[in-house]
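Descriptive structure summary
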Amino acid sequence: MLKLTGIRRSYRIGPVTTEILRGVDLEVHAGDLMSIMGPSGSGKTTLMNIVGLLDRPTSGACILDGRDVSGLRDDELSALRNRHIGFVFQSFHLLPQLTALENVCLPLVYRGAGRPEMRRHAQAILERVGMAERTGHRPDQLSGGQKQRVAIARALVGEPALLLADEPTGALDADTAGEVMALLRQLNAERGITILIITHDPSVAGQCARQTRIRDGRLFEPKAAAADGA
Amino acid sequence: MSRTFSVLSANAREAAESLRRARLRTVLGLVGVMIGISSVIAMVSLGEIAREQARKQFEALGTDIVVVRKAVGSGAKAIDLPNALQVAAAVPSITEAAPRISGRGTFRFAGRKVGGGAVQGVTRSFASVNRLTLQEGRFISDLDADRYWCVVGAGVAEAMRGAGADRLAGSLLEVDEVLFTVVGVLDDKEESYALPVQVNANKSVFVPITTAQRIVPAPGVEVVIARSRAGVHYGTAVADIRSFFRKRAPGLGLDIVTAKELIARMEVQMGIFTLLLGAVGSISLIVGGIGIMNIMLVSVAERRAEIAIRRALGARQRDIRSQFLIESVILTIIGGMLGIALGLAATWTICRFTDWDFLISGLSVASGLGTAAAVGLFFGFQPAHQASRLDPIAGLQGK
């Protein structure tokens, strides 16, 4: 479903060029629940930005559903993100002025859905993540765990091929983090949603069926021993 | 439902909501645009009203008026009275002509001074040419030649009543130590400054033109005020008058001004005047527009994270751009509507103090709204464009 080969990404700051990703190969299959674990500065956020089509690699190919996305225009990337990728962020990134329901509707707005249809979908998905009672609340009226549930609902409302979660439990206490991870695993198991979790937390990574590690810009997959970027 | 419509309607809803949240900033932006639009509306409306006012003054006196004077620098002494008296009969393209000899004098009644002003030597036709009407008695007639009879303007009559005259007709008025018998009193006559000749009837005393020749130290006829025949082009009337005088008084240069020519000239001047006023008003509009731009730039800077989130969720650059453009256009259109109300109120107030007739110029209202929207688009574009080009990664990381 998603295939990265030889992904390199370097940044130039002044005269110095720093290579963050040094040849990453990664294949994600439909239905995977996969983690990428690494310390801060290892390049995991950069990798997530590339997978999430927010950033372009300096070199290497990124193939989503059989389609090479490296040469696409910004508009096409936006449309692909909208249809195929759902984002869950560490700090939730809900829009504070919108209610939970309106936040969840957002991806559908950019897809051109009608209002009643959007609200129906959003309502259904909020029910699924256990937030049926809080649809009219604004983010500042919700707890951290509730916010992350709304964020997960927003990521899922467009039925994306891939859910990208960047430290989804990073801002939550242990109990709530456990609940959110349970929800993600449940969604993966029941609906077959492909989930890629980026984390520095071994206990989070440990709950994923596939576990990879990133270090110094290279990706390792201990169990499968497949993707060795070197 | 098309994607564009869905995004635009969502953007419009959120723009309105965002303006409501940033209340103080919104109000400040509105005030800027409001002042700008209102000054444009007020300036353009006043220009239009002034033009309308001048046009009405002309129409009150007729647009067929032709004023003949001796040209400045002409060798001849003046227009001769006999020629001036014959011009109406001899020139077919004019219906009537009123020559005038004028001087100044001090007026006394019963030994008390009742004012001073123009002593105008005129003929019977002067009243009809200048649309003067009488409240009492009669006007100067052709049979009054050389008589010391006079017709007084409304202002002079008022002063005489104040000095104790109960019946004016038949009473004696002393003009520079010459006694005149009052035969008529004019109605109050508003002076029309748009005309090529000033009559100033209220403060004047009218006497037979032949009498004036004796008492006024003037070389001859100062001016002939004529009316051209209906359907005759003013150019024809001017040419006919010139050829009449060329035959009778060779060497006399004439300066002939027609109302129609003046109107045409005035229209051009008023157009420039209105344009100038509009330009002055536009300066404050530009200042208002810069205010909008500032506000939108702040709004964009504050909402970098929001923009990045929307981009991650699939908003295209143009979706972000339209979101901010709609916000600035809503702001300027509301400001524009308030500005139109304020501008019209200001115009109305000025009209009340100047006795002008207030009118709402549809053109100025329509152009006010159009300009407001254009200001929103123009000054909102740069911030909106900047928003659309923000790097979503930096925005998500809070950088």
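It should be emphasised that the depicted structure is a prediction, and the values quoted were computed from it without experimental measurement. (Residues numbered from 1 in each chain as written. Chains lettered and ligands numbered in written order. Predicted model: local features only at pLDDT ≥ 70, side-chain atom pairs only at ≥ 80, totals over all residues. Heavy atoms only, no water.)

1. A word on helix H6 (residues 174-191) of chain A
Residue and element names in this part refer to chain A. The following threshold applies: Only DSSP runs of H or I reaching four residues or more are called helices, and only runs of E reaching two or more are called strands; each is numbered from the N terminus. To estimate how far a helix should reach, multiply one less than its number of residues by 1.5 Å. Residue contacts follow a heavy-atom distance rule, with two residues in contact if any of their heavy atoms lie within 4.5 Å. Polar contact is defined as a pair of N or O atoms within 3.5 Å, subject to the rule that within protein one atom must be able to donate a hydrogen and the other to accept it, and that residues adjacent in sequence are counted only when both atoms are side-chain atoms.
Helix length check: H6, at 18 residues, gives a terminal C-alpha distance of 25 Å against a target of 26 Å (1.5 Å per residue), a fit within 8%. Tucked inside the fold, the buried residues of H6 contact strand E3 (33-37), helix H4 (115-128), helix H5 (144-156), strand E7 (162-166), strand E8 (194-199) and helix H7 (202-205). Structurally, the start of H6 carries an N-cap: the backbone nitrogen of Asp175 is 3.2 Å from a side-chain oxygen of Asp173.

2. Focus: the nonpolar core
Threshold: Here the nonpolar core consists of buried residues drawn from Ala, Val, Leu, Ile, Met, Phe, Trp, Tyr and Cys, with membership extended through side-chain atoms lying within 4.5 Å. Only protein chains enter the area calculation, which uses a 1.4 Å probe; residues under 20% of their type maximum are buried, those over 50% are exposed, and those in between are partly exposed.
Grouped together as the largest cluster of nonpolar side chains are 106 residues, with contacts concentrated most on A:Leu47, A:Ile152, A:Leu163 and A:Ile197. Per element, the largest residue contribution to this core is seven residues, and it comes from helix H3 (residues 100-109) of chain A. B:Phe107, B:Phe109, B:Val182 and B:Ile209 belong to the second largest nonpolar core, which has 44 residues in total.

3. A look at the domain arrangement of chain B
The criterion, for reference: The split into domains, and so the bounds of each, comes from an automatic or database assignment of domains.
Split into domains, chain B comes out as domain 1 (2-58 + 265-397) and domain 2 (75-252). A separation of 56 Å is found between the C-alpha centroids of domain 1 of chain B and domain 2 of chain B.

4. Some thoughts on the sheet that holds E7(A)
Residue and element names in this part refer to chain A. Stated precisely, the cut-off is as follows: When DSSP finds two or more bridges between a pair of strands, those strands are recorded as paired. Fitting a line to C-alpha atoms yields each axis, with helices limited to the stretch in contact; the angle taken between N-to-C directions then spans 0 to 180 degrees.
Pairing is mixed across the open sheet formed by six strands, whose spatial order is E6-E7-E8-E3-E9-E10. In the strand order of this sheet, the two ends are held by strand E6 (85-88) and strand E10 (218-220), each with one partner. Strand-to-strand twist of the sheet, defined as the mean angle between neighbouring strand axes without regard to direction, takes the value 20 degrees. In this structure, E6 lies alongside E7, joined through four bridges in parallel fashion. From the neighbouring strand, Phe87 faces E7, where its bridge partner is Leu164. Taken strand by strand, helix H2 (residues 74-84) contacts E6 and E7, and its axis lies near 75 degrees from that of E6. Set on the sheet, H5 makes contact with E6 and E7; between it and E6 the angle comes to about 170 degrees.

5. Concerning H5(A)
Over its 13 residues, H5(A) extends 18 Å from the first C-alpha to the last, a length consistent with the 18 Å expected when each residue adds 1.5 Å. Burial analysis of H5(A) places 11 of its 13 residues in the buried class, which makes it a mostly covered element. Taken together, the buried residues of H5(A) touch E6, H3, H4, E7 and H6 of chain A together with helix H9 (304-312) of chain B.

6. Remarks on the environment of B:Arg161
Residue and element names in this part refer to chain B. Mapped onto the secondary structure, Arg161 falls in helix H5 (residues 154-162). Sequence separation between Arg161 and Ser93 is 68 residues; the distance between their C-alpha atoms is 43 Å. With residues near it in sequence (within four places) discarded, Arg161 still touches Gln135, Glu136 and Leu168. Within polar-contact distance, the side chain of Arg161 engages the side chain of Gln135 at 3.2 Å.

7. With respect to the interface of chain A and chain B
Definition in use: By buried area we mean how much accessible surface two parts lose on assembly, using a 1.4 Å probe and totalling the loss over both. The working definition used for a salt bridge is a side-chain nitrogen of Lys or Arg within 4 Å of a carboxyl oxygen of Asp or Glu. Gly falls in the polar group here, along with every residue not listed as nonpolar (Ala, Val, Leu, Ile, Met, Phe, Trp, Tyr, Cys, Pro) or charged (Asp, Glu, Lys, Arg).
On the side of chain B, 26 residues touch chain A, which itself brings 26 residues to the contact. Summing both partners gives a buried area of about 2,400 Å² for chain A against chain B, and 57% of it is carried by carbon and sulfur. Where chain A touches chain B, the interface holds two salt bridges. Across the salt bridge formed by A:Asp74 and B:Arg311, the nearest N and O atoms sit 2.8 Å from each other. Remark: the boundary between chain A and chain B carries 11 residue pairs in polar contact (both at pLDDT 80 or more). Mapped by element, the contributors of at least two residues to the side of chain A that touches chain B are helix H1 (44-51), H2 and H3 of chain A. The element best represented in the side of chain A that touches chain B is H2(A), accounting for six residues. Looking at the side of chain A that touches chain B residue by residue, the class counts come to 11 nonpolar, eight polar and seven charged.

8. Some points on the confidence of the model for chain A
For the record, the criterion: Looking at any residue, its pLDDT shows the predictor's confidence there, from 0 to 100.
Residue-level pLDDT values for chain A average 91, and 97% of them are 70 or greater. Within the model, the stretch residues 225-230 of chain A combines pLDDT values under 50 with 14 contacts to residues more than four positions away or in other chains.

9. Notes on the pairing of strand E1 (residues 2-13) of chain A
All names here are of chain A. Across five bridges, the pairing between E1 and strand E4 (residues 59-64) is antiparallel. When the bridges of E4 are listed, Leu4 appears paired with Cys62. For E1 and strand E2 (residues 16-28), the ladder comprises 10 bridges, and the chain directions are antiparallel. Within E2, the residue paired with Leu4 across the bridge is Leu26. Here E1 hands over to E2 after two residues, with Gly14 in that stretch at a positive phi of 65 degrees.

10. Let's talk about a positive patch on the surface
Residue and element names in this part refer to chain B. Applicable threshold: Like charges within 9 Å and nonpolar side chains (Val, Leu, Ile, Met, Phe, Trp, Tyr) within 5 Å are joined into patches, using only residues over 30% in relative accessible area that form no salt bridge. Surface exposure here means Shrake-Rupley accessible area, sampled with a 1.4 Å probe, where a residue is shielded only by the protein chains that are shown. Under the counting rule used here, the positive set is Lys and Arg, the negative set is Asp and Glu, and His together with the chain ends is not counted. Charge positions come from single atoms, namely NZ of Lys, CZ of Arg, CG of Asp or CD of Glu.
Taken together, Arg242, Arg246, Lys247 and Arg248 make up a surface patch of like positive charges. Structurally, Lys247 can be placed in helix H7 (residues 234-248). Given the relative accessible area of 68%, Lys247 is considered exposed.

11. A short note on the packing of helix H8 (residues 259-302) of chain B against helix H10 (residues 317-354) of chain B
Residue and element names in this part refer to chain B. Put simply, the rule is: Whether a crossing is left-handed or right-handed is set by the direction in which the near helix is turned from the far one by less than a right angle, anticlockwise for left-handed and clockwise for right-handed.
For the pair H8 and H10, interaxial distance at closest approach is 11 Å and the crossing angle is 145 degrees. H10 is crossed by H8, and the crossing has right-handed handedness. From H8, Ile292, Met296, Ser299 and Val300 reach across to H10, where they touch Phe324, Glu327, Ser328, Leu331 and Thr332. Here the residues of the contact of H8 with H10 are counted per class, giving five nonpolar, three polar and one charged.

12. A short note on the side chain of B:Arg316
If you trace the backbone, B:Arg316 turns up in the loop between H9 and H10. Notably, B:Arg316 is buried but unbridged: the nearest opposite-charge side chain belongs to A:Asp75, and the N-O separation is 4.6 Å. The residues touching B:Arg316, leaving out its near neighbours within four places in the chain, are A:Asp75, A:Ser78, A:Ala79, B:Arg3 and B:Arg311.

13. Regarding the confidence of the model for chain B
Looking at chain B, pLDDT values average 89 and 98% of them are 70 or higher. Interface confidence for the predicted complex, given as ipTM, is 0.92, next to a pTM of 0.72.

14. Looking at the sheet that holds E4(A)
All names here are of chain A. Strands sit in the order E2-E1-E4-E5 across an open sheet of four strands; the sheet is antiparallel. In this open sheet, the two edge strands, each paired with only one partner strand, are E2 and strand E5 (67-68). Pairing between E4 and E5: two bridges, direction antiparallel. Bridging across to E5, Leu64 finds its partner in Arg67.

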